[in-house]
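Summary of the model geometry
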Amino acid sequence: MGKNRTLWLLLAVVVLAVVPLLMGGEFGGADGAAAELIEAENPGFVPWANPLWEPPSGEIESLLFALQAAIGAFVIGYVVGRRHERSKTTQKPEGRAVSDAA
Amino acid sequence: MHIMEGYLPASHAIGWYAVSAPFFVAGALKIRKIVAERPEARMTLAASGAFAFVLSALKIPSVTGSCSHPTGTGLGAIIFGPSVMAVLGVIVLLFQALLLAHGGLTTLGANAFSMAIVGPWVAWGIWKLGRGVGLSVAFSVFFAAMLGDLATYVTTALQLALAYPDPASGFIGAAVKFGSIFAFTQVPLAIVEGLLTVIVMDALAGKVPDDQKLRILAGEAR
């Protein structure tokens, strides 16, 4: 069931992300919407601190978001690969199944 | 769930730092202990942090017509207990505050409390509860990650309501308003996070029976 489960779950994830797109909307960020609400209800509100550095453009921002996701995905892929490699080597020469416990 | 830089009054900013700091220290100590005692767990620990890195970078459209992102903190909380995520979550938040102008240094304490503390603790509690009442590993993981994600966003809404109570309806009224921005948007995304956490846990553990996955991932068994 393992392999199929992953496929079905991924399919569900895609549906959950695509259906809202079809329903339409502006798709701004929720963080920004909260900030706008604060500003609307507190006339003259000015944040008392500003980010030390801001991505100079939307392009740079998406670059950094992609970088963040890529770093994470790389590490996960590395760990998954290593574990599969090891479960192969521990299984064969010693004739010991990974699931020998309990 | 990022409260933007400078949007919390200074007293709140300091207060949330004070609340979050002990959790961060406890998490750092726990990570040191895990790494020392179970070297096998280092890989899973790295993957848990990496999962939070990936998921919090993915802004996904929601049925409310706005975008938000999952947090990815449930995975590590389920495997290692909630405390380690205080450290891993803060690393993610720092990356986003410094490089992406998402969240900020003044609001780091508050954002850490919602994403790196409340979310993981709720996820861990639901995981224990799910297993306790006899749910399968997969369902327990799903509900744990989903409700942990949702709890993070509810916490953000409450933090903002505390800082900006409605002039007429007070804290409750403000909580409803901020909640409608964060919590409703988050419902489908929380489900996505639950599903992805099950997928990644399966991939990390490999082909082993469900009930052994956790012990293998936590480095307690081979």
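Residues numbered from 1 in each chain as written. Chains lettered and ligands numbered in written order. Predicted model: local features only at pLDDT ≥ 70, side-chain atom pairs only at ≥ 80, totals over all residues. Heavy atoms only, no water.

1. Brief notes about the interface of chain A and chain B
Note the threshold: What makes two residues a contact is simply this: any of their non-hydrogen atoms within 4.5 Å. Buried area, as used here, totals the accessible surface that two parts lose on assembly, with accessibility defined by a 1.4 Å probe and the loss added over both. Salt bridge, as used here, is a side-chain nitrogen of Lys or Arg placed within 4 Å of a carboxyl oxygen of Asp or Glu. What qualifies as a polar contact is a pair of N or O atoms within 3.5 Å, subject to a donor-acceptor requirement within protein and to the restriction that residues adjacent in sequence count only when both atoms come from side chains. Secondary structure counts use DSSP, requiring at least four H or I residues in a row for a helix and at least two E residues in a row for a strand, with both numbered from the N terminus. Polar here means any residue outside two lists: the nonpolar Ala, Val, Leu, Ile, Met, Phe, Trp, Tyr, Cys and Pro, and the charged Asp, Glu, Lys and Arg; Gly therefore counts as polar. Whether two strands pair depends on DSSP finding at least two bridges between them.
Contact residues are listed per partner, giving 58 residues for chain A and 69 residues for chain B. Of the roughly 5,500 Å² buried where chain A meets chain B, counting both sides, 70% is carbon and sulfur surface. In terms of surface lost to chain B, no three residues of chain A exceed Asp31, Gln68 and Arg83 of chain A, which account for 13% of the buried area on that side. One salt bridge in this structure joins Asp202 of chain B and Arg5 of chain A, with 2.9 Å as the shortest N-O distance. Summed over the shared surface of chain A and chain B, the number is 18 residue pairs in polar contact (both at pLDDT 80 or more). Of all elements in the fold, only helix H1 (2-23), strand S1 (28-29), helix H2 (30-41) and helix H3 (58-91) of chain A reach the threshold of two or more residues within the side of chain A that touches chain B. Per-element tally for the side of chain A that touches chain B: the top contributor is H3 of chain A, with 17 residues. Of the residues that constitute the side of chain A that touches chain B, the class distribution is 36 nonpolar, 11 polar and 11 charged. Relative to strand S2 (residues 66-68) of chain B, S1 of chain A runs parallel, the two being bridged by two bridges. Bridge pairing in S2 of chain B places Gly28 of chain A opposite Ser66 of chain B.

2. Examining the sheet that holds S2 of chain B
For the record, the criterion: Note on definitions: angles span 0 to 180 degrees between N-to-C directions of axes, and those axes are lines fitted to C-alpha atoms, for helices only across the stretch in contact.
The strand order across the open sheet built from three strands is S1(A)-S2(B)-S1(B), with neighbouring strands paired in mixed fashion. Either end of the sheet is taken by a strand with one partner, and the two such strands are S1 of chain A together with strand S1 (60-61) of chain B. The sheet contacts of helix H7 (residues 170-205) of chain B involve S1 and S2 of chain B, and relative to S2 of chain B the element is tilted by about 40°.

3. Describing a nonpolar patch on the surface
We count it as follows: Residues form patches when they are more than 30% accessible in relative terms and have no salt bridge. Like charges link within 9 Å. Nonpolar side chains (Val, Leu, Ile, Met, Phe, Trp, Tyr) link within 5 Å. Only the protein chains shown count as cover for residues, with accessible areas throughout obtained via the Shrake-Rupley method and a probe of 1.4 Å.
The grouping of Leu52, Trp53, Ile60 and Leu63 of chain A together with Leu94, Leu98 and Leu99 of chain B at the surface amounts to a nonpolar patch, some 620 Å² of accessible area in total. At the level of secondary structure, the elements contributing two or more residues to the nonpolar patch comprise H3 of chain A together with helix H4 (83-99) of chain B. The leading source of residues in the nonpolar patch is H4 of chain B, at three residues. For Leu52 of chain A, the position within the fold is in the loop between H2 and H3.

4. What to know about the confidence of the model for chain A
Keep this limit in mind: A score from 0 to 100, pLDDT tells how confident the predictor is in each residue.
Across chain A, pLDDT averages 87, with 85% of residues at or above 70. The lowest-confidence element of chain A is H3 of chain A, averaging 91 in pLDDT; the highest-confidence one is H2 of chain A, averaging 93.

5. Remarks on helix H5 (residues 108-132) of chain B
All names here are of chain B. For clarity, the threshold we go by: Every helix has an expected span of 1.5 Å times one less than the residues it contains. The angle between axes fitted to the seven-residue stretch ending at a residue and the seven-residue stretch beginning at it gives the bend at that residue.
Its 25 residues place the ends of H5 34 Å apart at the C-alpha level, agreeing with the 36 Å of an ideal helix rising 1.5 Å per residue. In H5, a bend of some 30° at Val118 exceeds every other bend along the element, and Pro120, a proline, comes one to four places later. Phi turns positive, to about 90°, at Gly134, one or two residues after H5.

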